Each structure stands twice: as structure tokens, then as C-alpha cells.
Amino acid sequence: TTWPNTDCFSEVAYSQSTGQKEQLSRCLQRGIRRVQDLCKVLQLPRVFEETAVSYFQRALQHPSFHLVSLEKKELLGGCCVFVTCRQHNWPVTMGTICSLLYAKQELFASIYLSLQKELELSVPALSLADLVKTHLNSFRLFEHTADVPARFVEDKEKMVARTMQIVELASETWLVTGRHPVPIVTAAAFLSWQSLQPAARLTCTLARFCKLAGVDLPPPAHLRLKELLEILLRMASQLAWLRVFNVDKKTVVKYIGDLLQHRIFLLKNAFCLEDGEEQHAEAPGEGSPGEGSPGEGSLGSPPAAEGAAQEEGCASEGKRQREDGPRPLLPPCLINPRKRLRTAAPSPSDSAITGDEPISDSEIEQYLRGPEEIRAFRKAKAWP
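All values derive from a computational prediction rather than experimental measurement.

A. Examining the overall build of the chain more closely. Along the backbone of the chain there are 21 helices and zero strands. Within the chain, the fraction of its 384 residues that count as buried is 32%. Taking contacts inside the chain between residues at least 6 apart in sequence as the whole, the part at least 24 apart equals 68%. Just so you have it, the chain exposes about 25,900 Å², and 54% of that area is on carbon and sulfur atoms.

Structure representation (C-alpha cells):
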């Protein structure tokens, strides 16, 4: 018998013999299947699925994601799907992905930012108009069912169009800047739904509306609804024919259609300070000391003190008029700033300089030395 040539045999690595690479392959396969299942649930096109899978493969090969926990690896696939949707302008929110993966939004956001940084991915911002359409697609108010009475059913196109107008109004009045968009869209959808049939829906609350629609109620939605109603009330105060009625936060919903139709004119009149107020505030201080007769200032106070009192009274009156009248259109963080904690003022004993304070080496090196001092320093340094 002749044995085959042993030179053709090569050594088998330990990792290959123990199935180590096969284990890594199974981990990759599970992640790919998870990405594909998520794309099918979201009903994404085939191109989106291929792009998300390629991002997931690149992420697992990157050293930054080798030692992450199993939970983060599972969320990594969701981040790849989210990036793909954003790049293709497909309106999906981060909260939707987190609800499907049962993940915390803070952890998901941190992985998403790491993925975007490490893979150097360009992710465009989500269009607010697309977000409104996508969010309203999940509402169950457009068909009559056992859970939704007939008087609560609304036409989808009308509701989307009215909600878009209210969201644009919120954007023009600084209510969208720096905020999560979903609570604003939810509040805008509630107002648009009420305004289309106010007689039958004014008694419905925001919580009941979300329950009927089958969507979650975001906690800040109540605050966004309150801010939107304040804007609408200020706009309604500029319509002459509405001043006859007692318009409040509940009844202003009836006139949302008229307010939105003339919103540019009403916003300009409701939130712009008039020049006449500033001139009225400056007028008393111009001629009060010198225009009166010599005997006018001898009734109880000198002319200077009397002018100061008049200026103070007019300033307080002007401030009161500005508070009651139109105010400038500013972001909510400037209108209602958060209270800051006051730091205790340093006592005189703490701020007094005694001369015993420690001096650092860097401060000592800043002092200039003369030639004699330099020679003495070198001589002292040379001593044993």
C-alpha cells in the first residue's frame, strides 16, 4: 500500500477544531434574523432590509462592539434598522423601535449614537410632516368599531391636514424647538379631532382620546396641550367678532379653523410689542423737570424728586400694561425659566486675604528673577 503525500496536509487551528468560529457565526446569524424580522414587522422594503443587515455585519466586526453585553448587541440590530429608515426618509420614531424591542430609550439612544460615530454614518433629521402622517396611521379613529362610537369617527385626510396646520403653528411659536415631537403631535391631533366636530367632542379628555385611538399618552402631552391652548387664546383675542363671546380654553377649540386660516396676521398682532408703549414710557422723563413754572415744584418735593417719582410710577404702569397686553414671541424656556439654586454668598472672613494661603509651583515659576538671583539660585543648586 502506498500512503498519500503528507506534504499536502496542513495544520488545523484550535479555534477551527473546537467550533469557535462556528459559534460566532451563529451569533451573527441570530442577529441577522432579528434585523430581518424587525424589518418585516415594520413592513419595510427589501432594500431597507439589505442595508440594515450590512450595517449590522459592519458593526459586529468593529472593535468597539466586540465586548458589549448581549442586551446591547440585540439593540444594535434595532439601531441599524432605525438608521436605515432615517437615511431613506422613512418616518419611524425611536420610541416605535424601542417598544418593539422592549428596550429603554436611554440605552437605545446611547447605542445609536455610538453606531453613528463608529461607522461614520450620515443620518438626516426626520421631517415633522412625515412624522405626523406616520403617527396618525396608528390611530383607530378612522373606522367605526365596537370600541369607537360613530360620533368619534373622523375622516383621516381631514384630520391629518388639520393636525399638520396645528403642528406648523407650534413650530412657528417655538413649541417644537428642543422638544420630543410625539407629545406635540399627540396634542395637535387631539385639538384637530375636537375642532372638526366640537359639539360632540368637547367633553372628551386627552386621556380618553388616546384610549379610543389605541395609542399611548406621552406624559408631556398635557403640557404641550396647555401651551397650544394659550397660543390659540391669544390669537382669538385679536379677532373682533370673538370678543363678544366668552372664549376660554374649552370653547376656543370651536374657532380653530378660523384661527389657522388667518394665523400669520393673528400671530403678528398677538405677540408683537407696539412702538406706542415704548414712546409712552419715554415721554414723562423728557420735559417734566423743566417745562413747569417756577412755583410748581414747591408743593412738597423738589423738581428732581418729583420727576423721579413720576418716572417710577410710569415705569410700573408700563410694566403692568406690557404684562396684560401683547408679549414678544419667545421660547417657553425664556418665558418661564427654571429656578436656579442660589449659592451662599461668601462671608467677609472667607474672602479676606491673610497672606498664609498656599502658593503652587506654577505660580512661583511665574515670578521674574534678576541676574543676581539667578546666580545665587545656581550656586545654591550646585551645593551637595
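So, next bit.
B. Local environment of unusual backbone geometry. Within the chain, Tyr102 stands out as a residue other than glycine whose phi angle is a positive 55°. Along the chain, the position of Tyr102 falls in the loop between α5 (94-101) and α6 (105-118). Taking relative accessible area as the criterion, Tyr102 reaches 78% and is therefore assigned exposed. The backbone of Trp174 sits at a positive phi, close to 70°, despite the residue not being glycine. Residue Trp174 is classed as partly exposed on the basis of its relative accessible area, which comes to 37%.

C. Fine view of a nonpolar patch on the surface. Among the surface-exposed residues, Trp241, Val244 and Phe245 lie close enough to one another that they form a single nonpolar patch of about 350 Å² accessible area. Topologically, Val244 is positioned in the loop between α12 (221-236) and α13 (256-261).

D. Inspection of α6 at higher detail. With 14 residues, α6 extends 20 Å from end C-alpha to end C-alpha; this agrees with the ideal 20 Å at 1.5 Å per step. Those residues of α6 lying buried are Leu107, Phe108, Ile111, Tyr112 and Leu115. When α6 is viewed along its axis, its buried side chains cluster within an angular range of 135° and face the same direction. In α6, those exposed residues whose orientation departs by more than 90 degrees from the buried face are Glu106, Leu113 and Lys117. Taken together, the buried residues of α6 touch α3 (46-61), α4 (70-87) and α5.

E. A look at the packing of helix α8 (residues 156-172) against α12. In the contact formed by α8 and α12, the axes pass within 11 Å of each other and the chain directions differ by 85°. Between α8 and α12, the crossing angle belongs to the class labelled roughly perpendicular. The segment α8 lies against α12, with Ile166, Leu169 and Ala170 engaging Leu228, Ile231, Leu232 and Met235.

F. Inspection of α3 at higher detail. Over its 16 residues, α3 runs 23 Å from end to end, which matches the ideal 22 Å to within 8%, given 1.5 Å per residue. Looking only at α3, the buried set comprises Phe48, Glu49, Thr51, Ala52, Val53, Tyr55, Phe56, Ala59 and Leu60.

G. Expanded view of the packing of aromatic side chains. Summed over all chains, the structure comprises nine aromatic pairs. Both rings, one in Phe82 and one in Phe108, keep their centres 6.2 Å apart while their planes meet at 75°; by these two values the pair is edge-to-face. Taken as a pair, Phe82 in helix α4 and Phe108 in helix α6 lie far apart in primary sequence, 26 residues in all. Neither Phe82 nor Phe108 differs from the other in exposure class; each is buried. A network of ring pairs unites the aromatic residues Phe139, Phe152, Phe190, Trp193 and Phe209 as a single cluster.

H. Spotlight on the side chain of Arg263. Position of Arg263 among the secondary structure elements: in helix α14 (residues 263-270). Excluding residues within four positions of it along the chain, Arg263 makes contact with Glu168, Leu169, Glu172 and Met235.

I. Looking closely at the confidence of the model for the chain. Predicted confidence across the chain gives a mean pLDDT of 76, with 72% of residues reaching 70 or more. Here residues 19-23 is modelled with pLDDT under 50, and outside its nearest four sequence neighbours on either side it reaches three contacts, counting other chains as well. Low confidence marks residues 273-323, where pLDDT is under 50. Its contacts with residues over four positions away, or in another chain, come to 14 contacts.

J. Broad picture of the environment of Arg179. Its location among the elements puts Arg179 in the loop between α8 and α9 (181-196). Arg179 gets classed as partly exposed once you look at its relative accessible area, which sits at 24%. Arg179 sits 41 residues away from Pro220 along the chain, and the two C-alpha atoms are 9.6 Å apart. Once you skip the residues sitting within four places of it in the chain, Arg179 turns out to touch Ile184, Arg224, Glu227 and Pro332.

K. Region of the structure containing the nonpolar core. In this structure, Phe139, Leu141, Met159, Leu191, Phe209 and Leu232 are the most contacted members of the largest nonpolar core, which totals 52 residues. Elements with a minimum of two residues in this core: α7 (128-137), α8, α9, α11 (206-213), α12, α13 and α14. Setting aside its immediate chain neighbours within four residues, Leu141 contacts Val148, Phe152, Val153, Glu154, Met159, Trp193, Phe209, Leu212 and Ala213. Core analysis: the second largest hydrophobic core is formed by 34 residues, Leu76, Cys79, Phe82 and Ile111 among them.

Criteria and cut-off values
Residues numbered from 1 in each chain as written. Predicted model: local features only at pLDDT ≥ 70, side-chain atom pairs only at ≥ 80, totals over all residues. Heavy atoms only, no water. Helix = DSSP H or I, 4+ residues; strand = E, 2+ residues; numbered from the N terminus. Buried < 20%, exposed > 50% of the residue type's maximum accessible area, 1.4 Å probe, protein only. Contact = heavy atoms within 4.5 Å. Areas by Shrake-Rupley, 256 points an atom, 1.4 Å probe, with all protein chains shown as cover. Patch = residues over 30% accessible without salt bridge, like charges linked within 9 Å, V, L, I, M, F, W, Y side chains within 5 Å. Salt bridge = Lys/Arg side-chain N within 4 Å of Asp/Glu carboxyl O. Expected span 1.5 Å × (residues − 1). Arc of directions from axis to C-beta. Axes fitted to C-alpha atoms, helices over the stretch in contact; angles between N-to-C directions. Parallel < 35°, antiparallel > 145°, perpendicular 65-115°, else oblique. Phe/Tyr/Trp six-rings, centres within 6.5 Å; stacked < 30°, edge-to-face > 60°. pLDDT = per-residue confidence, 0-100. Core = buried A, V, L, I, M, F, W, Y, C linked by side-chain atoms within 4.5 Å.

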